[in-house]
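Residue-level structural notes
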Amino acid sequence: MHVLVTGGAGFIGSNFVHQTVRERPDVRVTVLDALTYAGDERSLEPVEGKVVFAKGDVADPDIVDSLVKDVDLVVHFAAESHNDNSLHDPWPFLRTNIIGTYQLLEAVRRHDVRYHHISTDEVYGDLELDDPAKFTPETPYNPSSPYSSTKASSDLLVRAWARSFGVRATISNCSNNYGPYQHVEKFIPRQITNVIDGVRPKLYGSGENVRDWIHVEDHNSAVWAIVERGRLGETYLIGADGEESNKTVVEDILEIMGRPRDAYDLVSDRPGHDMRYAIDSTKLREELGWVPRYENFRTGLEATVAWYQANEAWWRPQKDATEAKYAQLGR
Ligand code: NAD
Ligand code: TDX
């Protein structure tokens, strides 16, 4: 099998490529990535010589067609992925997330290639802290941010292309990922690298917002389960029952790194900040027999702290520019 992985130089995509090369020697991998500020070819160094890398834009129909025609499967990770950026400048999100998905769908339609679409739980909006409910595949779409509205749009394109044109597609909506190779703009790596730099972690608003954390390796094993055993046209929610408040996560990071648990600051809130995400992954578990391996969040967090401590050369080049962007936002 030959798979085209879009966004394979980003956080989740590069981990997907590592896992695939490690565990599936029968799979050939080609990566398509535009190497935006969020992509880094060095994230593919562990698989150097074992995958083909193409630098290019998913919104460019020519490069997309030339690569899709030679593969059996597309796994589409490429996206503008950061909510704070989408509040500052939404256009790249419309272009990459909506137009890029459209171009891929047209190419897989032309060449009858199996397609898996990577999406987020943020398409469902948010939940109250005391709501016993979790998101299910039946939850109505209700996105809050420019980022999540473009991801919701792309999901709807996939559903329409599957129904109207018979494109062989599946969709997964996953909760917040953590693990190695995540850009330092994101919450967990930002706080770990701040502590390394002697800067106090920054919590938006009250810090009570809840995210449902899953280790990136578990997200990616679920993607392979869906690709291999999922029903065409279906949506699967991926989550590992990892709900934690942002405040608890920061306190745990501080404790793991030998600092007092209260050595953080509250800063101005993100506009439209979703309160809580929570995934019900029953369908994935019961239908496809998937189980997460990193069930203990604290252990996974300790490993992630250790990875950023050991890999400063990887994240250091991103750090100043990222913090300069946050300084402009007052966060
Ligand atoms: P990321 O920002 O770390 O990586 C995105 C990658 O896509 C980068 O390598 C970037 O260079 C590439 N890219 C961006 N625009 C491109 C374009 N126009 N053409 C080609 N490549 C382009 O993102 P991530 O956190 O790894 O997220 C990957 C996917 O998973 C996204 O679709 C995101 O919506 C989804 N997702 C992320 C999370 C999470 O917690 N990070 C959770 C659920 C779903
Ligand atoms: O410095 C910070 N302080 C803070 O309190 C940052 C960067 C974030 N936060 C909060 C905002 C969120 O409640 O932490 C939480 C997590 O923030 P992000 O890492 O920006 O993630 P989130 O907005 O939840 O979205 C993530 O999960 C879903 C990914 O970035 C998306 O790509 C994915 O779809």
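Residues numbered from 1 in each chain as written. Chains lettered and ligands numbered in written order. Predicted model: local features only at pLDDT ≥ 70, side-chain atom pairs only at ≥ 80, totals over all residues. Heavy atoms only, no water.

Formally: UniProt positions are given in the numbering used here, feature names are shortened, and annotations may be inferred rather than shown by experiment.
The name given to the protein in an unreviewed UniProt entry is dTDP-glucose 4,6-dehydratase, with Cellulomonas fengjieae as the source organism. According to UniProt, the comment filed for the protein under the heading Cofactor (unreviewed entry) is "NAD(+)". Per UniProt, the protein has the following entry under Sequence similarities (unreviewed entry): "Belongs to the NAD(P)-dependent epimerase/dehydratase family. dTDP-glucose dehydratase subfamily."

1. Some points on helix α7 (residues 216-229)
Residues three or four positions apart in an α-helix share a direction because the helix packs 3.6 residues into each turn. Rules: Secondary structure counts use DSSP, requiring at least four H or I residues in a row for a helix and at least two E residues in a row for a strand, with both numbered from the N terminus. Helix span, expected: 1.5 Å multiplied by one less than the number of residues in the helix. Classification of residues uses two cut-offs on accessible area relative to the type maximum, computed with a 1.4 Å probe and protein chains only: under 20% is buried, over 50% is exposed, and between them is partly exposed.
Here α7 spans 20 Å end to end across 14 residues, near enough to the 20 Å set by a 1.5 Å rise per residue. Extensive coverage of α7 is indicated by the burial of 11 of its 14 residues.

2. Focus on the nonpolar core
Spelled out, the test is: What makes a nonpolar core is a set of buried Ala, Val, Leu, Ile, Met, Phe, Trp, Tyr and Cys residues whose side-chain atoms join them at distances within 4.5 Å. Whether two residues are in contact is decided by their heavy atoms, any of which lying within 4.5 Å being enough.
The biggest cluster of nonpolar side chains holds 30 residues, and the ones touching the most others in it are V17, V29, V75 and I238. Tallying contributions element by element places α7 first for this core, with six residues. Those residues in contact with V29, other than ones at most four positions away along the chain, are H2, V3, V5, V17, T20, V51 and V52. Y181, F297, V305 and W314 belong to the second-largest nonpolar core, a separate cluster that totals 23 residues.

3. Thoughts on the pattern of salt bridges
Counted only if it meets this: Basic side-chain nitrogens of Lys or Arg form a salt bridge, by our definition, when they fall within 4 Å of a carboxyl oxygen of Asp or Glu.
All told, the structure shown has 32 salt bridges when counted by the stated rule. The closest approach of N and O atoms between D40 and R42, which form a salt bridge, is 2.8 Å. The exposure class of D40 is buried, given its relative accessible area of 14%. With a shortest N-O distance of 3.0 Å, E106 and R109 are connected by a salt bridge. With E106 and R109 both in helix α4 (residues 91-111) and three residues apart, this pair spans about one turn of that helix. The partly exposed category is assigned to R109, whose relative accessible area is 37%.

4. Some thoughts on the side chain of R331
Along the polypeptide, R331 turns up in the segment after α11 (312-329). If we ignore the near neighbours within four places in the chain, the residues touching R331 are D84, R190, K202, Y204, V267, S268, D269, R270, P271 and Y326.

5. A closer look at the pairing of strand β5 (residues 114-120)
The cut-off we apply is this: Pairs of strands are assigned from DSSP output, requiring at least two bridges between the strands. Crossovers are described as right-handed under a simple rule: with the strands pointing away from the observer, the path leading from the first strand over the helix to the second runs clockwise.
Most of β5 is tucked away: seven of the seven residues are buried. Side-chain alternation along β5 places R114, H116, I118 and T120 on one buried face and Y115, H117 and S119 on a second face that is also buried. The pairing of β5 with strand β6 (residues 169-174) spans six bridges and is classified as parallel. Paired with T120 across the strands is C174, a residue of β6. Handedness of the crossover joining β5 and β6 through helix α5 (residues 146-165): right-handed.

6. Description of the site of ligand 2
We count it as follows: Nearness here has a simple test: a residue counts as near a molecule or strand if at least one of its heavy atoms is within 4 Å of that partner. Throughout this description, a polar contact denotes any pair of N or O atoms lying within 3.5 Å of each other; where both atoms belong to protein, one of them has to be capable of donating a hydrogen while the other can accept it, and for residues adjacent in sequence the pair is counted only when both atoms sit in side chains. Each residue is assigned to one of three groups, with Ala, Val, Leu, Ile, Met, Phe, Trp, Tyr, Cys and Pro labelled nonpolar, Asp, Glu, Lys and Arg labelled charged, and all others, Gly among them, labelled polar.
Looking at ligand 2, there are 22 residues lining it, with E122, Y147, R190, R270 and H273 nearest. A distance of 2.9 Å separates an oxygen atom of ligand 2 from a polar atom in the backbone of F187. Within the side chain of H273, a nitrogen or oxygen atom sits 2.6 Å from an oxygen atom of ligand 2. Mapped by element, the contributors of at least two residues to the shell around ligand 2 are α6 (187-196) and β8 (202-204). Of the residues in the shell around ligand 2, the class split is six nonpolar, nine polar and seven charged.

7. As for the packing of α4 against α5
Under the convention used in this document: Simply put, an axis is a line fit to the C-alpha atoms, just over the touching stretch for a helix, and the angle between two N-to-C directions goes from 0 to 180 degrees. The cut-offs work like this: below 35 degrees is roughly parallel, past 145 is roughly antiparallel, 65 to 115 is roughly perpendicular, and the gaps in between are oblique. By the definition used in this description, the sense in which the near helix is turned from the far one sets the handedness, with an anticlockwise turn below a right angle giving left-handed and a clockwise turn giving right-handed.
Orientation of α4 relative to α5, taken along the N-to-C sense of each, is 15°, at an axis distance of 8 Å. As summarised for this structure, α4 and α5 are arranged roughly parallel, according to the angle between their axes. Crossing angle aside, the handedness with which α4 passes α5 is right-handed. Only Y147, T150, K151, S153, S154, L157, V158, W161 and F165 of α5 make contact with α4, whose side of the interface consists of F93, L94, N97, I98, T101, Y102, L105, E106 and R109.

8. Remarks on the packing of helix α1 (residues 11-23) against α7
Between α1 and α7, whose axes approach to 9 Å, the crossing angle comes to 65°. Once α1 is placed against α7, the crossing between them reads as right-handed. Contact residues: F11, I12, N15, F16, Q19, T20 and R22 in α1; V216, E217, H219, N220, S221, V223 and W224 in α7. Looking at the contact of α1 with α7 residue by residue, the classes come out as six nonpolar, six polar and two charged.

9. Topic: the site of ligand 1
Short version of the rule: Residue-level accessible areas treat just the shown protein chains as cover; the underlying method is Shrake-Rupley with a 1.4 Å probe.
Taken together, 28 residues are adjacent to ligand 1, and I12, D33, S81, Y147 and K151 come closest. Taken by itself ligand 1 offers 830 Å² of open surface, and the protein chains cover 96% of this. Broken down by secondary-structure element, the contributors of at least two residues to the shell around ligand 1 are α1, β5 and α5. Top element by residues in the shell around ligand 1 is β5. It accounts for three residues.

10. Examining the UniProt feature "domain: NAD(P)-binding" (unreviewed entry) in the protein
Residues annotated in UniProt with the feature "domain: NAD(P)-binding" (unreviewed entry) correspond here to residues 4-295. Overall, residues 4-295 shows 38% helix and 17% strand. The separation of its end C-alpha atoms is 29 Å.

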